[in-house]
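Next come the chains, spelled out residue by residue.
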Amino acid sequence: MGKQKIDSNTILYGVFGDPIRHSKSPIMLNRAFEEAGINAAYAAFHIKPGQLRSAIDGIRAMQFRGVNVTIPHKLEVMDYMDEIDEGARVIGAVNTIVNEDGRLVGHNTDGIGYVRSLKEETGIDLRGKHVLMLGAGGAARGVGYALAMEGAAHIYIANRTRDKAIELAQSMSSFTMATGLGLDEIVDIVGKVGLIVNNTSVGMHPNVNEVPMDTSLILNTTIVSDLVYNPMVTKFLRESESRGVTIHSGLGMFIYQGAYAFEYWTGVSAPVVAMRQAVIDSFNT
Ligand code: NAP
């Protein structure tokens, strides 16, 4: 594929967040457009609190085709959409906007991106599975909903702030069996689950020596998954792997949430191999 050229027909895309300069999305999506031969450009926009509404109006005025939305705007942005798809509405967050001729439609690709990556990389069949999720923040909402849609039979949610785990379990109970717990209550649960997912930010750069739970409790038949992708393999995954379990890193979720966004925007299959390589290369430089 030749190098991308920006001209008068280039279709614009971007990501809105605060902070945003660390984002790998521009590298990944520009590589995807280039690989697919699409005349498009994707940039990062530092949108500060209080400026989100104007920024969203700008999508309509300047006819951007699509935008990703990241921390801290995923909730507020819902107020400015013309339509929100069912998954994003249930999760309560939008991370992808599609501009359909001035009509802005909000989607959430985090949870479906997570599940696609988990299934492809581990081969897991989630039907009937019991799952332990650590953390009850924004990412946990999307992941929990997607796991429930794939047929997970019982989702245990353990969080440092126990009340938030109970609240999330209640909101998920219309989709599957869900129980909220404190982190100190997981000892009795760990042996019952086939999958453990770290949805907390524990272990993320720069706190790379932290783990979200005691890995000596984990049976070697469990799959251990981490949403954190910086570092690509966290201490939690390294320790778990040394106990003989199958591990799954957050990099795949990042790639596939972007791949689904690309597919919503272009209708073309995302070139995921090239997208993954672009992100890995950017970590290595
Ligand atoms: P969030 O809404 O701020 O939630 C953070 C969660 O982590 C909460 O459950 C919080 O517990 C818990 N937590 C934070 N520090 C902790 C500590 N020291 N000990 C125990 N628990 C702690 O964040 P988020 O948006 O859900 O993101 C969570 C992680 O997922 C981040 O690392 C993010 O980078 C990652 N993520 C990855 C992808 C991807 O594409 N791979 C996508 C989205 C998010 P409390 O409720 O008690 O505060």
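First, a word on what this report is: a plain description of the structure on this page. (Residues numbered from 1 in each chain as written. Predicted model: local features only at pLDDT ≥ 70, side-chain atom pairs only at ≥ 80, totals over all residues. Heavy atoms only, no water.)

1. What to know about the nonpolar core
In this structure, Tyr114, Met133, Leu147, Ile155, Ile157 and Leu195 are the most contacted members of the largest nonpolar core, which totals 26 residues. Of all the elements in the fold, those that place two or more residues in this core are helix H4 (110-122), strand S7 (130-134), helix H5 (138-149), strand S8 (154-159), helix H6 (162-172) and strand S10 (195-198). With five residues, H5 is the largest single contributor of residues to this core. Every residue in contact with Tyr114, bar those within four places of it in the chain, is listed here: Val143, Leu147, Leu195, Val197, Ser225, Leu227, His248 and Met253. In terms of nonpolar packing, the next biggest core, distinct from the first, is built from 22 residues, Leu251, Ala261, Phe262 and Val279 among them. (Core = buried A, V, L, I, M, F, W, Y, C linked by side-chain atoms within 4.5 Å. Buried < 20%, exposed > 50% of the residue type's maximum accessible area, 1.4 Å probe, protein only. Helix = DSSP H or I, 4+ residues; strand = E, 2+ residues; numbered from the N terminus. Contact = heavy atoms within 4.5 Å.)

2. Observations regarding the sheet that holds strand S1 (residues 11-17)
Strand order in the open sheet made by the six strands is S2-S1-S3-S5-S6-S4, with mixed pairing throughout. Strand pairing shows two members of the sheet lacking a second neighbour, strand S2 (40-46) and strand S4 (83-84), which therefore form its edges. Taken together, the five bridges between strand S5 (residues 96-100) and strand S6 (residues 103-107) define a ladder with antiparallel strand orientation. The residue bridging Ile97 from the neighbouring strand is Gly106, located in S6. (Pairing = 2+ DSSP bridges.)

Honestly, it's all geometry; don't read function into it.
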